[in-house]
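Residues per chain are reported as follows:
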Amino acid sequence: MQGLRRVLCGATSIPRFGIFSQERTYLAQPIQTHHHYHHDFQDLVLVEGRADSRAAILNRPLSLNSLNLPMVDGLKKLYQSWEENSDFGFVIMKGSGRAFSSGADVVDLYRLINEGKVEECKSFFRALYNFVYLMGSYLKPHVAILDGITMGAGAGVAIPGTFRVVTDKTVFCHPETQLGFHPDAGASFYLSRLPGYLGEYLALTGDKLNGVEMIGCGLGTHYLLNARLSLIEERLGTLMADTPNSIGNSLAQYGDLVYLDKRSVLHKLDIIDKCFSHDSVEEIVDALEKVAAESHDEWCYCALKKLKEASPLSLKVTLQSIRDSRFQPLDKCLAQEYRISLNCISKGVSDDFCEGVRARLVDKDFAPKWDPPSLGDVSKDMVDSYFSPLGEFEPELELPVALREPYM
């Protein structure tokens, strides 16, 4: 805790918690691709050329740069071509407007499911998880500028990269359990590796972190004020050296001194570890209620409120997903997330995903009718079915592990 209370500056003042190493293994082999970009993708993702870098700009500002199939499929092809191109040395990703990315376009997925186009949803998840895996094994240094809203899969496409620049405008969260879904796009990998049981807390409650807190827990690598972003972008645009050290040093030169707010959730890590280390969601709720009764801490009441608003089934699936992923590599985490996601959209056990999106983002009555309606009604068999092999006629997620990580 002492390390979290001290002054934070750039990437040099915080311990790294081993979420993603800044060192890339250059045994990985780039995938050869030949492609032509569709006009829609050119509008959805803008490209900027710089002296020794390229920048991809997520460009759906009216939908907070939410991700759809043309975007993630196009990004994967674009990044593959950039990885092969020796004319420049590193890559930057940022968002247009007030968001980096609000995550997957779940309203679009909701409509596709209701129109019976589930195969298109599956294609989206395959493309998304393949892109996240590409980011996690990318050969070139990558700088993600997480200025503004960074939610769900929007965080997933950025956090595997080498550098994550956060600002005073950054808002990070994983609100999936409130939508009857689960933290995906690699979230089970990096949330499970946060200090103590902070990952379980963030995954189950959907609570937000600001930029300073992301630095404090290791999700961010460098902190800059939003007003100074143009300076660092100008600096990166003229940078000729492309090693991780030279890029990191340039980012650190523009880093701002910040303090962890006394109200930060990172000051609650002892309570989080005490409550969220339990084996079941019911035990977590009981522990929180006990602490709330003893301390009358408003934070406990807020956490309980968020847990009770979430899908009971999603809470149990999410807890198991985080726990199972703690010692698994990224590709195994993504494969498990793919199974869970397909179960969420199939409605085989529950319609909670569509119900959650309807209640919060479509009708906006904020009164989802969860099925099962309570934690006690969620059986172990229900939860286990989300992690089971997909079956003879449903292919598992295929990732190019043998090609990109031949040493595995």
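Rules and cut-offs
- Residue numbers here run from 1 along each chain, matching the order of that chain's written sequence.
- Thresholds applied to this predicted model are a pLDDT of at least 70 for local features of residues and 80 or more for the giving and counting of side-chain atom pairs; totals over whole chains, interfaces and linings are not thresholded and use all residues.
- Excluding hydrogens and water, the side-chain figures rest on all heavy atoms present in the structure.
- Strands here mean DSSP runs of E at least two residues long; helices mean DSSP runs of H or I at least four residues long; both are numbered from the N terminus.
- The rule is simple: take the accessible area with a 1.4 Å probe, protein chains only, and divide by the maximum for that residue type; under 20% is buried, over 50% is exposed, in between is partly exposed.
- The predictor attaches a confidence to each residue, called pLDDT, with possible values from 0 through 100.
- Contacts: residue pairs with any heavy atoms within 4.5 Å of one another.
- Whether two strands pair depends on DSSP finding at least two bridges between them.
- In this description, a nonpolar core means a group of buried Ala, Val, Leu, Ile, Met, Phe, Trp, Tyr and Cys residues linked to one another through side-chain atoms lying within 4.5 Å.
- Viewed with both strands pointing away, a crossover whose connecting path from the first strand over the helix to the second turns clockwise is right-handed.
- The arc refers to the directions leading from the helix axis to the C-beta atoms.
- One side-chain nitrogen of Lys or Arg within 4 Å of one carboxyl oxygen of Asp or Glu is enough to make a salt bridge.
- Here is the rule: rings of Phe, Tyr and Trp (six-membered ring for Trp) pair when centre to centre is within 6.5 Å. Planes less than 30 degrees apart are stacked, more than 60 are edge-to-face, and the remainder are tilted.
- Each axis is a line fitted through C-alpha atoms, taken for helices only over the stretch in contact, and angles between the N-to-C directions span 0 to 180 degrees.
- Roughly parallel refers to an angle under 35 degrees, roughly antiparallel to one over 145, roughly perpendicular to one between 65 and 115, and oblique to any angle outside these ranges.
- Crossing chirality is assigned from the near helix's rotation relative to the far helix, an anticlockwise turn below a right angle marking it left-handed and a clockwise turn marking it right-handed.
- Residues were grouped as follows: Ala, Val, Leu, Ile, Met, Phe, Trp, Tyr, Cys and Pro as nonpolar; Asp, Glu, Lys and Arg as charged; and all remaining residues, including Gly, as polar.

**Some remarks on the overall build of the protein**
Right, on to step 1. If you tally the helices and strands in the protein, you get 19 helices and 12 strands.
Right, on to step 2. Residue burial in the protein is summarised as follows: out of 408 residues, 58% are buried.

**So, the confidence of the model for the protein**
Right, on to step 1. Chain-level pLDDT for the protein is 89 on average; 89% of the residues reach the 70-or-more range.
Right, on to step 2. Below pLDDT 50 for its whole length, residues 1-18 participates in 46 contacts with residues either more than four positions away or in separate chains.

**Considerations on the pairing of strand S6 (residues 142-146)**
Right, on to step 1. For S6, a buried count of five out of five residues is recorded, marking the element as mostly surrounded by other parts of the structure.
Right, on to step 2. Because side chains alternate across S6, one face comprises the buried residues His-142, Ala-144 and Leu-146, and the other comprises Val-143 and Ile-145, equally buried.
Right, on to step 3. Alignment of strand S4 (residues 90-95) against S6, held across three bridges, turns out to be parallel. Within S6, the residue paired with Met-93 across the bridge is Ala-144.
Right, on to step 4. Note that S6 and strand S8 (residues 163-167) share four bridges and pair parallel. For Ala-144, the partnering residue across the bridge sits in S8 and is Arg-164.

**Points about the sheet that holds strand S10 (residues 209-210)**
Right, on to step 1. Reading across the sheet, the four strands line up as S5-S7-S9-S10 and stay open at both edges, with mixed pairing between neighbours. Each end of this open sheet is capped by a strand with a single partner; those strands are strand S5 (99-101) and S10.

**Here's the deal with the nonpolar core**
Right, on to step 1. Among the nonpolar cores identified, the biggest contains 108 residues, and Tyr-79, Leu-128, Phe-172 and Leu-288 are the most heavily contacted of them.
Right, on to step 2. No other element matches helix H5 (residues 118-136), which puts 11 residues into this core.
Right, on to step 3. In this structure Phe-172 touches Thr-150, Ala-155, Ile-159, Tyr-190, Leu-191, Leu-202, Asp-207, Lys-208, Leu-209, Met-214 and Leu-219, once residues within four positions along its chain are discounted.
Right, on to step 4. Membership of the second largest hydrophobic core comes to 14 residues, among which are Val-165, Ile-232, Leu-236 and Leu-239.

**Remarks on the pairing of S4**
Right, on to step 1. Counting buried residues in S4 gives five out of six residues, a clear majority hidden from the surface.
Right, on to step 2. Considered for its hand, the β-α-β crossover made up of strand S3 (residues 53-58), helix H3 (residues 69-84) and S4 is right-handed.

**Some remarks on helix H12 (residues 269-276)**
Right, on to step 1. Of all the positions in H12, only Leu-269, Ile-272, Cys-275 and Phe-276 are classed as buried. Each buried residue of H12 lies within a common arc of 135° when the element is viewed along its axis, so the set occupies one face. In H12, the exposed positions angled more than 90 degrees off the buried face are occupied by Asp-270 and Lys-274.

**Notes on the pattern of salt bridges**
Side chains carrying opposite charge are able to pair once their charged atoms draw close together.
Right, on to step 1. Tallied over the full model, the rule gives 24 salt bridges.
Right, on to step 2. In this structure, the salt-bridge partner of Glu-355 is Arg-358, at a minimum N-O distance of 2.9 Å. Of this pair, Glu-355 and Arg-358 both sit in helix H17 (residues 352-362), separated by three residues, roughly a single helical turn. Across the pair, Arg-358 and Glu-355 agree in class, each one buried.
Right, on to step 3. Here Asp-384 and Lys-380 are joined by a salt bridge, their closest N and O atoms 2.6 Å apart. Here the residue Asp-384 and the residue Lys-380 both occupy positions in helix H18 (residues 380-385), the gap between them amounting to four residues, near one helical turn.

**Structural notes on the packing of aromatic side chains**
Right, on to step 1. Inspection of every chain in the model, using the stated rule, returns 11 aromatic pairs.
Right, on to step 2. With a centroid separation of 5.4 Å and an interplanar angle of 55°, the aromatic rings of Tyr-79 and Tyr-138 are classed as tilted. With Tyr-79 in helix H3 and Tyr-138 in the loop between H5 and S6, this pair connects stretches of sequence that are 59 residues apart.
Right, on to step 3. Judged by its relative accessible area of 0%, Tyr-79 falls in the buried class.
Right, on to step 4. On the accessibility criterion, Tyr-138 (0% relative accessible area) is buried.
Right, on to step 5. Each member of the aromatic cluster is reached from another via a ring pair, and the members are Phe-124, Phe-125, Tyr-129, Phe-181, Tyr-338 and Phe-353.

**Notes on the packing of helix H15 (residues 312-325) against helix H16 (residues 330-346)**
Right, on to step 1. Look at H15 against H16: their axes get within 10 Å of each other, and the N-to-C directions meet at 165°. Judged by the inter-axis angle, H15 sits roughly antiparallel to H16. Viewed along their axes, H15 and H16 form a crossing whose handedness is right-handed. Every residue of H16 that contacts H15 at Val-317, Ser-321, Asp-324 and Ser-325 is listed here: Cys-333, Gln-336 and Ile-340.
Right, on to step 2. Grouping the constituent residues of the contact of H15 with H16 by class yields three nonpolar, three polar and one charged.

**Concerning the sheet that holds S3**
Right, on to step 1. Strand order in the open sheet made by the six strands is S2-S3-S4-S6-S8-S11, with mixed pairing throughout. In the strand order of this sheet, the two ends are held by strand S2 (45-49) and strand S11 (222-224), each with one partner. Sheet twist, expressed as the mean angle between neighbouring strand axes with direction ignored, is 20°.
Right, on to step 2. Contacts from H3 reach S2, S3, S4 and S6, with the element oriented near 180° to S3.

**Focus: unusual backbone geometry**
In most cases, non-glycine residues show a negative phi, while peptide bonds are predominantly trans.
Right, on to step 1. Of the consecutive residues Asp-371 and Pro-372, the connecting peptide bond is found in the cis state with omega at 5°.
Right, on to step 2. By the element assignment, Pro-372 lies in the loop between H17 and H18.
Right, on to step 3. Not every positive phi belongs to a glycine, and Asn-65 is a case in point at roughly 55°.
Right, on to step 4. For Asn-65, a relative accessible area of 0% corresponds to the buried category.
Right, on to step 5. Here Phe-366, not a glycine, exhibits a phi torsion of approximately 55°, which is positive.

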